[in-house]
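The residues making up each chain are set out below.
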Amino acid sequence: VQNITQPEKIKFIVSFTAVCAFLYVFFGIAPKCFKSEKKILPFLYLIVLIGLAAIIYSLIKEQDVYRYYMGEAISIPNPHIQSFYFNRNGFGLGLLVAIFCLAYIQIYRPRIYNYLFMVIFLFFICLSLCKTGIVLGFLFVPSFILYKFIINIKSRPVYSSICLVIFVLAAGGLVFLI
């Protein structure tokens with residue numbers, strides 16, 4: 001149990017409210033304001049690039065934490081990855097937003113590497129130990145892949161089969177975590 005001071009509680013509440021407002025505007029209002037998806041895709045790609053930059057920054061700056069995760073006997077005060085966010089939950093939820101953006105991109109520009117990036121982001125969410133990000137990620141990614149499988153089964157059977165394999169692996173990961 002953590003002892004959170006009153007200013008920290010206010011900071012977390014304001015940050016959470018700002019993120020919720022941003023997500024509502026970005027996913028609820030902004031797509032309706034643009035006449036085509038081509039105008040919103042650069043913003044989505046920017047969020048994905050920020051997620052990739054956060055992972056690369058974390059890999060470079062937090063090498064001791066990764067060595068600790070690999071089992072080396074290192075004494076570190078905070079054994080959690082958090083990248084350039086103020087804590088591990090911010091990092092995990094930032095990567096979760098990047099997964100949502102990749103799903104949106106996948107709808108308009110279907111590419112198999114979008115799924116690869118989703119899995120990479122989900123892996124780093126698990127490493128960040130952000131419980132909310134882990135649960136939402138393991139619920140969203142298989143659901144999205146199942147959705148794509150159902151939509152594309154008749155028109156693209158090979159692509160749909162790949163989606164089904166990824167779905168089964170992700171569902172197995174979810175069962176393993178539970």
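Described in the following lines is the structure provided in the data block. As the structure is a prediction and not an experimental result, all values here were calculated from the model. (Residues numbered from 1 in each chain as written. Predicted model: local features only at pLDDT ≥ 70, side-chain atom pairs only at ≥ 80, totals over all residues. Heavy atoms only, no water.)

### A word on the overall build of the chain
Phase 1 of the analysis: Helices and strands together make up the secondary structure of the chain, namely seven helices and zero strands.
Phase 2 of the analysis: In the chain, which comprises 178 residues, the proportion classed as buried is 32%.
Phase 3 of the analysis: Total accessible area computed for the chain in this model is approximately 11100 Å², and 71% of it derives from carbon and sulfur atoms. (Helix = DSSP H or I, 4+ residues; strand = E, 2+ residues; numbered from the N terminus. Buried < 20%, exposed > 50% of the residue type's maximum accessible area, 1.4 Å probe, protein only. Areas by Shrake-Rupley, 256 points an atom, 1.4 Å probe, with all protein chains shown as cover.)

### Concerning the nonpolar core
Phase 1 of the analysis: In this structure, Leu44, Leu95, Ile99, Tyr115, Met118, Phe121 and Ile125 are the most contacted members of the largest nonpolar core, which totals 35 residues.
Phase 2 of the analysis: Among the elements that make up this core, the one with the highest residue count is helix 4 (residues 88-108) (11 residues).
Phase 3 of the analysis: Setting aside its immediate chain neighbours within four residues, Leu95 contacts Gly51, Ile55, Phe121, Phe124 and Ile125. (Core = buried A, V, L, I, M, F, W, Y, C linked by side-chain atoms within 4.5 Å. Contact = heavy atoms within 4.5 Å.)

### Here's the deal with the side chain of Ser58
Phase 1 of the analysis: Looking at the secondary structure, you find Ser58 in helix 2 (residues 41-61).
Phase 2 of the analysis: Take Ser58: its relative accessible area is 0%, and that puts it in the buried class.
Phase 3 of the analysis: A polar side-chain atom of Ser58 sits 2.7 Å from a polar atom in the side chain of Glu62. (Polar contact = N/O pair within 3.5 Å; in protein donor to acceptor, adjacent residues only side chain to side chain.)

### A word on a nonpolar patch on the surface
Phase 1 of the analysis: A grouping of Ile112, Tyr113, Leu116, Ile120, Val158 and Ile162 is seen on the molecular surface, where their side chains present a nonpolar patch of about 530 Å² in accessible area.
Phase 2 of the analysis: At the level of elements, helix 5 (112-128) and helix 7 (157-177) are the ones that each hand at least two residues to the nonpolar patch.
Phase 3 of the analysis: Here Leu116 is to be found in helix 5.
Phase 4 of the analysis: In this structure Leu116 comes out as exposed when scored by relative accessible area, which is 51%. (Patch = residues over 30% accessible without salt bridge, like charges linked within 9 Å, V, L, I, M, F, W, Y side chains within 5 Å. Salt bridge = Lys/Arg side-chain N within 4 Å of Asp/Glu carboxyl O.)

### Points about the packing of aromatic side chains
Any two aromatic rings considered together are summarised by their centre-to-centre distance and by the angle between their planes.
Phase 1 of the analysis: Per the counting criterion, the structure on display carries seven aromatic pairs.
Phase 2 of the analysis: Ring centres of Tyr113 and Phe117 lie 6.4 Å apart, and the angle between their planes is 80 degrees; on these two criteria the pair is classed as edge-to-face. Here Tyr113 and its partner Phe117 are both found in helix 5, four residues apart, which amounts to about one turn of the helix.
Phase 3 of the analysis: Residues Phe123 and Phe124 carry aromatic rings whose centres are separated by 5.6 Å and whose planes lie at 85 degrees to one another, so their mutual orientation is edge-to-face.
Phase 4 of the analysis: Feature note: the residues Phe100, Tyr115, Phe140, Phe144 and Tyr147 constitute an aromatic cluster, connected by ring pairs. (Phe/Tyr/Trp six-rings, centres within 6.5 Å; stacked < 30°, edge-to-face > 60°.)

### Observations concerning the packing of helix 2 against helix 5
Phase 1 of the analysis: As a packed pair, helix 2 and helix 5 sit with axes 11 Å apart at the nearest point and diverge in direction by 45 degrees. Taken together, helix 2 and helix 5 sit at an angle that is classed as oblique. When you trace helix 2 past helix 5, the crossing you get is left-handed. Contact residues: Val48, Gly51, Leu52, Ile55 and Leu59 in helix 2; Phe117, Ile120, Phe121 and Phe124 in helix 5.
Phase 2 of the analysis: Residues that form the contact of helix 2 with helix 5 fall into these classes: eight nonpolar, one polar and no charged. (Axes fitted to C-alpha atoms, helices over the stretch in contact; angles between N-to-C directions. Parallel < 35°, antiparallel > 145°, perpendicular 65-115°, else oblique. Left-handed = near helix turned anticlockwise from the far one by under 90°. Nonpolar A, V, L, I, M, F, W, Y, C, P; charged D, E, K, R; others polar.)

### Describing a positive patch on the surface
Phase 1 of the analysis: Taken together, the side chains of Lys38, Arg109, Arg111 and Arg156 define a basic patch exposed on the protein surface.
Phase 2 of the analysis: One can find Arg109 in the loop between helix 4 and helix 5.
Phase 3 of the analysis: Judged by relative accessible area, which is 33%, Arg109 ranks as partly exposed. (Lys, Arg positive; Asp, Glu negative; His and termini not counted. Charge placed at Lys NZ, Arg CZ, Asp CG, Glu CD.)

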